[in-house]
Amino acid sequence: MPAVSYDGQSFMVDGRRVWLVSGAIHYPRTPRGQWRQRIRAAKQAGLNCIETYVFWNLHENEPGEFDWEGDKDLRAFVQMIGQEGMYCMLRPGPYVCSEWDFGGLPAWLNRIRGQPGVKLRQADPVFLEASARYLGQVLEQVRDLQVTSTASAQVATTHQAIGGGNGPIIMMQAENEWFCHNPRAAETYLKEIVRYLRENGCDVPINMCNNLWQRLDGTIDTWNASGHLSDDLRQLHVVQPNAPRIVTEYWPGWFDQWDGPHASQTDASLLEYRQAAMLAVGAQYNFYMFHGGTNFAFWGGRTVANPACFMTTSYDYDAPLLEAGGRGEKYLAAKRVSVFASQFGQVFASLDPDNHHAAVALTETDHLLSVIQQTGTQGAVVFLFKSKADTTQLANVLLPNGLRLPVPLGDDRVAWIMVDTNLGGVAELSYTNLRPWAFVGKRMLVLFGPAKAAGMVAINGARFSVTVPQGRVPEVHQHEGMTLVVLNREQVDAAYVLPDGLVVGAQSLDLNDKPVPLPGWSSMTTIALDGKLTTSRAKASRAPIVPRLAHWQQSRLMGLINGDAEAYRPIDAPATLEELGCNYGYGWYRFDLRSAGGGMVLAAQSADRVHLYQKGKFKALLGLAAGAEFDPVRISASGRVTALVDNLGRMNYGWRVGEKKGLWGHFHKVKPKRLGPPKVVSGKAPDPFELSQYWTNLRAGEHGPADALVWHVQPAGRNPLILDFADVPATLMILVNGKPVDMYDRGKSAHFGRWVLEVGKELRAGRNELKLALFEKLADAKRKAAIVKGITLYQSQGALTDKGDWLFAPLSVPAAEAFGSIVKSAPSQPCWYRASFNVSSAAVPLWFEPRGLSKGQLYLNGHNVGRYFVATHTGKKVPPQERYYLPEAWLKTDGPNELLIFEEHGKSPTSSKLVYDPMGPYNG
């Protein structure tokens, strides 16, 4: 049975060192028919490992009912990674975050959370039992796909070449980003998750990416970050000297949210710089994401970065491999460094993990030229780093033997050289001032540098001089029995390693490993291991004819809007969508609303967006995200009212993971209640661990000096008080009469918060103490004023919906016969639209531009493409996503394609169009 071990530098499979160069590709964010293309694109960029989360809610939609078929076939995805000769980092959770709905936890957990004491991400018996069942099912799928397995014949023939084992999985992760210091919870929860993995057959090393917030014996601590990498990774080695340094999540980009700008975390030069910074301190890395893909269906989550931060359908992530598979500048930057890292992996894996000399710190923007060297049994690697403002073109590096080596940097921010390096046991690379890139077939050494630079290469001590070429024709020479290929920057970006050589002038390799010509290049040059050049002319491909959307039809929803549809069923009282069996998407509620008499109305307990209608007319949109009202509104409606309630994605991170969705409370007529100035009381910070054993970014047992703001409030009769927070700039605990109610931090629990304080529960009749216990001392009156400004207390003047019946109906796709000619609807009436189009080829990515529409859901040939949100009901533009990917795997080329649209506000779809774009969604 193969064995996996590790030391301070790398993993070892049966004693053979392994250097991981990895990238995240999530199987449910790409259709199954395109998995291999994405994996191949990663491999062609130099990656030798693929990381993926396993998404619990994708597979167990109801307790005990698991689905591993089709696009959910985790086993097939992992097998495919192995078939491509790559390793796999598997991250099964149970919690994964990933900007995914509920952080991967299944929605039905919210249904059982009403039981006393049920807590998420900690040692609650109900949660642990469910987690154990889930992890057992995951291991059932992949147990024999570990490197340590001897029973996986399906992947053995291809994977043994790099791993020595029979499966690709080389590491598994327990939980994810448990950024909390609570040793007691670590023993009772994290240790249990590790135990479940081990008892179900996990034989490979287990890591935790908690950034040292909470450590656990027997696991490897890995790192998640985008910057400050060289410092943190050196420190990680000091803390953990006997395990490899691995960046589980190196963030080359960032996610997007509705009504925000397109997030671009790094440009290509900074991406290259940061990759090199990790290698320079002996760390392995995983791009999170290498290919982001798409949040199909209702899987996009909600997070805490901004006031109403709901994830866009595109999960492009500004990653190296774009949403539809396009390869831009960041892909090329990733390829330049990653091919080098994997091709010379044995050198990196054999570096001395304790050999760290002092260097100029890498501050990225303003440091002096910095040189960082690593040395090991297979040779030395020297990295040179320039800050953003540095214009140095050439640096003289003094080698140990006294030779002064002029290293050409050109306009690049990073360069690297190798000294006394073992080339596969056949030769020694004594030194070179150019950048080694690939070593192919133990015969071909590929180097690159700035065009026209004077290059020096010494193999087995014999020096050879060469000039880096200009233009597009590579330099090829024979030296010491070795084929030397010298490329410039433009050429290396157009180069791909072949099993038996190199090709220059390609944009990719197809699924048969045949080079695909690079647009703008008139020819491709193939270089064999013996140095023989073959040139082939590149043929320009014709752009496909853009399809047109035709045969538009409409299905109106008047029965649901008016409240007389047969789909409505009685319910006992307002209830969450989860309680009503509507785990994802939309639901319709019908109820009786008493007149507010011109007063202010508030939906006390609802999420995320509530569209109100009476007699077919739109009345209000309550809730969060663009176009909705969080504050109380005046509603001129009474009697039968219907509500379309939109679940726009559950919290995937922070203190609000586990939030409810739907409409589970009554509408209230409310009036602001003056709080007056608070009394400031000094004391100690509260203990949040009285409420829960997990709080992001908090440490158990820390109770430093802190202040509290105290008011005394009295409800009117038996009516509740409603406490609203809007962007309160503080971390605090809410207490009523000394009892904790909840925690709030605008950076960890969303910027908006609402709590209904009921008489007989949180409140008592008469005078009550409302305390906001801070985790800090108030510096001055200005700080206090900033906190108080975001707090509003409302007095309910009575529930408006507590009389009469409540009914519910889920939103479902209409039958084909329900569609007819388009009829102009009243303003903001939701409806369905249908159109068809034909495509003759799926060679270029196709995108839908919902021009003229507002917000809703897209379906392609029965597949739920995801949410779109381009405008509010008033027509205000909602950035950043303007195009929506229609995956090639879901298109038909032998007949009509059907595009189905649920449009929340009934806007006309006839201005919408389809476009071809090989890049996108933001690079068109």
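Structure first, text after, so check above.
My aim in this report is to walk through the structure given alongside it, one point at a time.

### Some words on the overall build of the protein
Thought 1: For the protein, the helix and strand inventory stands at 14 helices and 62 strands.
Thought 2: In terms of overall size, the protein behaves like a compact globule, its C-alpha atoms giving a radius of gyration of 30 Å where 924 residues would be expected to give roughly 29 Å.
Thought 3: For the C-alpha atoms alone, the extent of the protein along its principal axes is close to 95 × 70 × 55 Å.
Thought 4: The buried share among the 924 residues of the protein stands at 62%.
Thought 5: A sequence separation of at least 24 residues applies to 72% of the contacts in the protein between residues at least 6 apart.
Thought 6: Looking at the protein as shown, the accessible area adds up to about 33,400 Å², and 49% of this sits on carbon and sulfur atoms.
Thought 7: Each charge sign in the protein was given a centre, from 94 positive and 88 negative side chains, and these centres are 6 Å apart.

### Comments concerning helix α1 (residues 35-44)
Thought 1: Here α1 lies mainly inside the structure; 7 of its 10 residues are buried.
Thought 2: Backbone geometry just after α1 places G46 at a positive phi near 100 degrees.

### What about helix α5 (residues 125-142)?
Given 3.6 residues per helical turn, the α-helix brings residues three or four places apart onto the same face.
Thought 1: The end-to-end C-alpha distance of α5, which contains 18 residues, comes to 26 Å, matching closely the 26 Å that a straight helix rising 1.5 Å per residue would cover.
Thought 2: Among the residues of α5, F127, L128, A130, S131, Y134, L135, G136, V138, L139, Q141 and V142 are the ones counted as buried.

### Quick look at the packing of helix α9 (residues 268-280) against helix α10 (residues 329-343)
Thought 1: One way to put it is that α9 packs onto α10 with a least axis distance of 8 Å and a crossing angle of 20 degrees. As summarised for this structure, α9 and α10 are arranged roughly parallel, according to the angle between their axes. Two packed elements cross with a definite hand, and for α9 against α10 that hand is right-handed. Across the interface between the two elements, A268, L271, E272, Q275, A276 and L279 from α9 touch E329, K330, A333, A334, R336, V337, S338 and A341 from α10.
Thought 2: Of the residues in the contact of α9 with α10, the class split is 8 nonpolar, 2 polar and 4 charged.

### Quick word on the nonpolar core
Thought 1: Of all hydrophobic cores here, the largest spans 189 residues; its most connected members are L90, F383, F385, L445, L502 and W588.
Thought 2: The element contributing the most residues to this core is α9, with 9 residues.

### A few points about the pattern of salt bridges
Thought 1: Summed over all chains, the structure comprises 46 salt bridges.
Thought 2: For E62, the salt bridge is made with R111, and the minimal N-O distance between the two is 2.5 Å. You can see E62 sitting in strand β6 (residues 60-62) and its partner R111 sitting in helix α4 (residues 108-112), a full 49 residues away along the chain.
Thought 3: Its relative accessible area of 29% is what places R111 among the partly exposed residues.
Thought 4: We note a salt bridge from E849 to R883, for which the minimum N-O separation is 2.7 Å. Taken together, the residues E849 in strand β57 (residues 846-849) and R883 in the loop between β59 (863-869) and β60 (884-886) connect sequence positions 34 residues apart. The residues E849 and R883 share a single accessibility class, namely buried.
Thought 5: Sharing partners across several salt bridges, the network here consists of E272, R336, D412, R435, R489 and D493.

### Concerning the packing of α1 against helix α3 (residues 74-83)
Thought 1: For the pair α1 and α3, the least separation of the axes is 10 Å and the interaxial angle reads 40 degrees. Between α1 and α3, the crossing angle belongs to the class labelled oblique. Relative to α3, α1 is oriented so that their crossing is right-handed. Between α1 and α3, the contacting residues are W35, R36 and I39 on the first element and A76, F77, M80, I81 and Q83 on the second.
Thought 2: Its residues assigned to classes, the contact of α1 with α3 comprises 6 nonpolar, 1 polar and 1 charged.

### Observations concerning the pairing of strand β44 (residues 639-646)
Thought 1: Among the 8 residues of β44, 6 are classified as buried, and the element is accordingly described as predominantly covered.
Thought 2: Of the strand pairs in this sheet, strand β38 (residues 586-593) and β44 are connected by 8 bridges, and their pairing is antiparallel. Along β44, the bridge assignment pairs F591 with V641.
Thought 3: As judged from the 5 bridges shared by strand β41 (residues 609-614) and β44, these two strands associate in the antiparallel manner. In the sheet register, H611 faces β44, and the bridge partner there is L644.

### Description of the sheet that holds strand β53 (residues 768-774)
Thought 1: Across the sheet, which stays open at both edges, the 5 strands sit in the order β47-β48-β53-β50-β51 with antiparallel pairing between neighbours. Each edge of the sheet is formed by a strand with only one pairing partner; in this case those strands are β47 (679-684) and β51 (739-745). Averaged over neighbouring strand pairs, the angle between their axes works out to 25 degrees when direction is ignored.
Thought 2: Two elements, strand β48 (residues 705-713) and β53, share 6 bridges in a ladder whose sense is antiparallel. Looking across to β53, one finds that V713 is bridged to N768.
Thought 3: Seen against the sheet, helix α14 (residues 781-789) touches β47, β48 and β53 and runs at an angle of roughly 50 degrees to β48.

Conventions and cut-offs
Residues numbered from 1 in each chain as written. Predicted model: local features only at pLDDT ≥ 70, side-chain atom pairs only at ≥ 80, totals over all residues. Heavy atoms only, no water. Helix = DSSP H or I, 4+ residues; strand = E, 2+ residues; numbered from the N terminus. Rg over C-alpha atoms; globule rule 2.2 N^0.38 Å. Buried < 20%, exposed > 50% of the residue type's maximum accessible area, 1.4 Å probe, protein only. Contact = heavy atoms within 4.5 Å. Areas by Shrake-Rupley, 256 points an atom, 1.4 Å probe, with all protein chains shown as cover. Lys, Arg positive; Asp, Glu negative; His and termini not counted. Charge placed at Lys NZ, Arg CZ, Asp CG, Glu CD. Expected span 1.5 Å × (residues − 1). Axes fitted to C-alpha atoms, helices over the stretch in contact; angles between N-to-C directions. Parallel < 35°, antiparallel > 145°, perpendicular 65-115°, else oblique. Left-handed = near helix turned anticlockwise from the far one by under 90°. Nonpolar A, V, L, I, M, F, W, Y, C, P; charged D, E, K, R; others polar. Core = buried A, V, L, I, M, F, W, Y, C linked by side-chain atoms within 4.5 Å. Salt bridge = Lys/Arg side-chain N within 4 Å of Asp/Glu carboxyl O. Pairing = 2+ DSSP bridges.

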